[in-house]
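# Fold and geometry: a report
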Amino acid sequence: MLQTRYLTRQRPTTTSVFRDIKRQCMIRGFSAPSRGTVERRIAKLDAEKTVTARYAKDAARTR
């Protein structure tokens, strides 16, 4: 879900992504991860791929 929700040009906040994950877990009957877990997993994403996906290819070169 991080790739489909967080890595987009709309650049949703981690809180927004957490809410979406929590909602999907509730719908599917799973226990939701904590906000800290979601934030740690976002932090583990490859920085270059994250910048490229959320901003643009040019931004990844300058960051």
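What counts as what
Residues numbered from 1 in each chain as written. Predicted model: local features only at pLDDT ≥ 70, side-chain atom pairs only at ≥ 80, totals over all residues. Heavy atoms only, no water. Helix = DSSP H or I, 4+ residues; strand = E, 2+ residues; numbered from the N terminus. Buried < 20%, exposed > 50% of the residue type's maximum accessible area, 1.4 Å probe, protein only. Contact = heavy atoms within 4.5 Å. Areas by Shrake-Rupley, 256 points an atom, 1.4 Å probe, with all protein chains shown as cover. Core = buried A, V, L, I, M, F, W, Y, C linked by side-chain atoms within 4.5 Å. Phe/Tyr/Trp six-rings, centres within 6.5 Å; stacked < 30°, edge-to-face > 60°. Lys NZ or Arg CZ within 6 Å of the ring centre and 35° of its normal.

### Focus: the overall build of the chain
On a plain count of helices and strands, the chain comes out with 5 helices and 0 strands. When the helices and strands of the chain are read in sequence order from the N terminus, they spell out α-α-α-α-α. Every one of the 63 residues in the chain was classed for burial, and the buried ones make up 30%. Counting only contacts in the chain whose residues sit at least 6 apart along the sequence, the fraction spanning at least 24 positions is 44%. Only carbon and sulfur atoms are counted for the fraction: they give 49% of the accessible area of the chain, which is about 4800 Å².

### A short note on the nonpolar core
Among the nonpolar cores identified, the biggest contains 10 residues, and these are L2, Y6, L7, V17, F18, I21, C25, V38, I42 and L45. Elements supplying a minimum of two residues to this core: α1 (2-6), α2 (14-28) and α3 (35-44). Counting residues per element, this core draws most heavily on α2, at 4 residues.

### Some words on the packing of aromatic side chains
Scanning all chains against the criterion turns up 0 aromatic pairs. One Lys or Arg, R54, reaches over the ring of Y6 and ends 4.0 Å from the middle of that ring.

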